[in-house]
2 protein chains.
Amino acid sequence: MNVLVLGADGYCGWATTLFLSARGYTVTACDNYVRRHCWDKYRLRGYPTVVAGENSPLYPVAPAEERLKSWRGLSGYEVPFVRAELDSFDEVYDLIKKTSPDTIVHFAEQRSAPFSNLSPQHALETVKNNTFSTYNLLEAIARINPAIHLVKLGTMGEYGYTPHKDVIIEGDIDFPKRPASPYHMSKCMDSIALEMMGRIYKLCVTDLHQGVVYGVATAETSMHRNLYNRFDYDGVWGTIVNRFCMQALCGVPLTVYGAGGQSRGFISIEDAIRCVEISIRNPAEPGVMVVRNQITEILKVGEVATLVQEAAKTLGINVSIENTYNPRIENENHLLKVSFGKFQTLGLTPHAMRETLVGTELKFLSRFSAGVDNHLLLNQSIADWRKHENNGKESDV
Amino acid sequence: MNVLVLGADGYCGWATTLFLSARGYTVTACDNYVRRHCWDKYRLRGYPTVVAGENSPLYPVAPAEERLKSWRGLSGYEVPFVRAELDSFDEVYDLIKKTSPDTIVHFAEQRSAPFSNLSPQHALETVKNNTFSTYNLLEAIARINPAIHLVKLGTMGEYGYTPHKDVIIEGDIDFPKRPASPYHMSKCMDSIALEMMGRIYKLCVTDLHQGVVYGVATAETSMHRNLYNRFDYDGVWGTIVNRFCMQALCGVPLTVYGAGGQSRGFISIEDAIRCVEISIRNPAEPGVMVVRNQITEILKVGEVATLVQEAAKTLGINVSIENTYNPRIENENHLLKVSFGKFQTLGLTPHAMRETLVGTELKFLSRFSAGVDNHLLLNQSIADWRKHENNGKESDV
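Residues numbered from 1 in each chain as written. Chains lettered and ligands numbered in written order. Predicted model: local features only at pLDDT ≥ 70, side-chain atom pairs only at ≥ 80, totals over all residues.

(A) Inspection of the overall build of chain A at higher detail. When its secondary structure is counted, chain A shows 13 helices and 12 strands. Here chain A, with 397 residues, has 56% of them falling under the buried criterion. (Helix = DSSP H or I, 4+ residues; strand = E, 2+ residues; numbered from the N terminus. Buried ≥ 20, exposed ≤ 12 C-beta atoms within 10 Å, placed from the backbone.)

(B) Structural context of the relation of the copies chain A and chain B. Mapping chain A onto chain B leaves a residual RMSD of 0.0 Å; the transformation is a rotation of 180 degrees accompanied by 0.0 Å of translation along its axis. Interpreted geometrically, this transformation is the action of a two-fold axis. Across chain A, the rotation axis passes nearest the C-alpha of Met189 of chain A, at a separation of 2.6 Å. (Least-squares fit on C-alpha atoms with pLDDT ≥ 70 in both.)

(C) Broad picture of the interface of chain A and chain B. Taken together, the 35 residues of chain A in the interface contact 34 residues of chain B. Counting only elements with at least two residues in the side of chain A that touches chain B, the list comes to helix H4 (89–99), helix H6 (120–144) and helix H7 (182–201) of chain A. Counting residues per element, the side of chain A that touches chain B draws most heavily on H6 of chain A, which supplies 13 residues. When the residues that make up the side of chain A that touches chain B are grouped by side-chain class, the tally is 23 nonpolar, five polar and seven charged. (Contact = placed C-beta atoms within 7 Å. Nonpolar A, V, L, I, M, F, W, Y, C, P; charged D, E, K, R; others polar.)

(D) Up close: the pairing of strand S9 (residues 263–268) of chain A. All names here are of chain A. Along S9, five of the six residues are buried, which leaves the element largely enclosed by surrounding structure. Inspection of the sheet shows strand S7 (residues 212–214) paired to S9 by three bridges, in the parallel sense. The residue of S9 that forms the bridge with Val212 is Phe266. Sheet analysis places S9 next to strand S11 (residues 297–300), joined by four bridges and oriented antiparallel. By the bridge assignment for S11, Ser263 is matched with Lys300. (Pairing = 2+ DSSP bridges.)

(E) Representation of the nonpolar core in the model. In terms of nonpolar packing, the biggest core is built from 219 residues, with Val308 of chain A together with Val308 of chain B touching the most fellow members. Dropping the residues within four chain positions of it, Val308 of chain A is found in contact with Val241, Phe244, Cys245, Ala248, Leu254 and Leu357 of chain A. (Core = buried A, V, L, I, M, F, W, Y, C linked by C-beta atoms within 7 Å.)

(F) Geometry of the sheet that holds strand S2 (residues 26–31) of chain A. All names here are of chain A. Reading across from one edge, S3-S2-S1-S4-S5-S6-S10 is the order of the seven strands in this open sheet, with parallel pairing throughout. A single partner strand is all that each edge strand has here, and the edge strands are strand S3 (81–83) and strand S10 (290–294). On average, each strand axis in the sheet is inclined to that of its neighbour by 20 degrees, with strand direction left out of account. The pairing of strand S4 (residues 103–106) with strand S5 (residues 149–155) spans four bridges and is classified as parallel. Bridging across to S5, Thr103 finds its partner in His149. (Axes fitted to C-alpha atoms, helices over the stretch in contact; angles between N-to-C directions.)

(G) Summary view of the packing of helix H10 (residues 301–314) of chain A against helix H12 (residues 353–366) of chain A. All names here are of chain A. It is at 9 Å that the axes of H10 and H12 come closest, and there the two elements cross at 45 degrees. Between H10 and H12, the angle falls in the class oblique. The crossing of H10 and H12 is right-handed. Residues Leu307, Val308, Ala311, Ala312 and Thr314 of H10 touch H12, and the partners they reach there are Met353, Arg354, Leu357, Val358 and Leu362. For the contact of H10 with H12, the per-class residue count stands at eight nonpolar, one polar and one charged. (Parallel < 35°, antiparallel > 145°, perpendicular 65-115°, else oblique. Left-handed = near helix turned anticlockwise from the far one by under 90°.)

(H) Expanded view of helix H3 (residues 64–75) of chain B. Residues and elements named next belong to chain B. Relative to the 16 Å expected for 12 residues at 1.5 Å per residue, H3 spans 16 Å between its end C-alpha atoms, a close match to the ideal helical length. Taken together, the buried positions of H3 are Ala64, Arg67, Leu68 and Trp71. Summarising the axial view, the buried residues of H3 lie within an arc of 95 degrees, below the 170-degree limit, and thus occupy one face. Set apart from the buried face of H3 by more than 90 degrees, the exposed residues are Glu66 and Gly73. Against helix H1 (11–22), strand S2 (26–31) and strand S3 (81–83) lie the buried residues of H3. Where H3 terminates, the next one or two residues include Gly76, which has phi positive at roughly 85 degrees. (Expected span 1.5 Å × (residues − 1). Arc of directions from axis to C-beta.)

Shown next as structure tokens:
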């Protein structure tokens, strides 16, 4: 089966590419390298250097072509790399014509809520990047071959931090959305395009409402230094668990925003890529959009901090937890009830965060803690949700 | 009360501007003239000349500055005109800072579903134009003065042509959306931004789900030749009732797409501008988005054709009705049940289409029928919804 992975140079995309290739899928990897060059591309008014992203990865990551060459040497599998801009319809059209995929996995979106909140320009860059790529894919699939299965990465955050109904029902495409950042808003916009184009042109669409992903090493990325997955730990690109892990390994307090009672859905990188593969094997029917909640645990932010603290203790590291200023506007103590059993019905055996942290995550990362940039580690998000309190347009970054 | 009207050079915007000015509101009119220059701006691959829009208006319309000069002479009211691009946050911010409005009426969106379906580029131009302007307004209001009331023009089309529940409940922000063109999709995307930003920053937002507007003359625009409202009758910019009226006056058959059983909500231009004024007088509370269904009648397309046919007969004109090829993908015979009583509760006395057609519309338009371009009158939409049947990207226009 031919699979085209978009955003293959990113954190989830890279791990997915190797996972699928190792299982015999014929994979084409595509990216525009925007995460590597975001400093240039997103250098907008008042944009501070710490969010450039260039300095953020814990260790250097070779260009995709080089990494895929190493992969071929180690695994025997050839994965061609294509550079393309998905905000151009013509490029998307040509890419799909050329690669003739059975399935397209679409990771190629701006994925940071703090980034999207840095300024109105960052917000609209996020909207443009995400909605244009998704819409172009749908248009091109409708014209070229409506049978192509589109597996698109959405987010649990579409439902918001404070759901207003009791349980978020998995698969209910009409469950009310309550996004809380321009990033989450852009994902809701994507969902509208997916539903509409899927319905009108009878496309095969799977929308994965992924939770917060954590972890870095997978069986494939661990095979060689050249295959290591990208790892961010700064306040804009680093996600909560990974950031807590680095803070613990560096012996600085874990920075919990506010009261820490915010609930989130979580999933390890190893489980996330398995869910994508399960989705490929179980395609959506034409015109009937499938939505799956791609999470395996629901935890409060404070609970995550405690888990990381305890895991660090097994390595002989004692860290404290600090409740810091919360730059987000959110209810700091709420419940999140979500049904998310479908992937387990389809064969997923989920990992628990507690075991993952102790078993692999912290051990892998501890090798790199000497190279950490404390400035990136300590800064919390520079993006502030509180626009009006900041009194005007210049103070948002 | 200070009102900033965005898209003031357009069909609804112009009539609203004069209506509000005549009632003593302090109005600032703003536009970017994109509808006048759309030929240049939207000259995209394979884009046929007939949709340029330059030739479409039934009679020439002077620049806004000139028309507003005439208005001042006739009414004594000064309405300054500002040219601005709303896809630039800085321009939006400066505009609001400079004009200090109490209310902003936002008509400044690409408003044609056929236009949005001409090509993927037209679709994304629509998404960009509409979502960027709306988001920038919300961002700027949040930063400058969250008490500014934003009255935003949405569309009944967000709910789709074939609603899947029995009655579309007025004011229910969670009622499922089923858009059926990139234009309608962009309006649904706007709604997401309105809800999110309104909720987080406690903004005062009214979203008007307007039906298909018909008619051209209002009390104010009729005062002088220079004040006449823009009138389009081609297959891309002309809306159904207005197009049928011109076809009737020119003695050509009324072109009903398909079976003509498609139901739509309608409202006359005179009622539409009254609804906007009612909305200004009844602002939304901070953080509680108001949605109103801005329609006064629900009719099937075939019924509209019959109404126009009968109205033409009173002027001694006999026209036939022709069921033509339907370029849209839609159920050609469905019910549309909508609750829409709120404007009447707030004081609207609606006009009926039958009386409006006989009383003013056809008589006004009959003076111009000699100047009609038959090519524009006869062409149905050049935008074809049936992408895959057209087999590839070059055949969509």
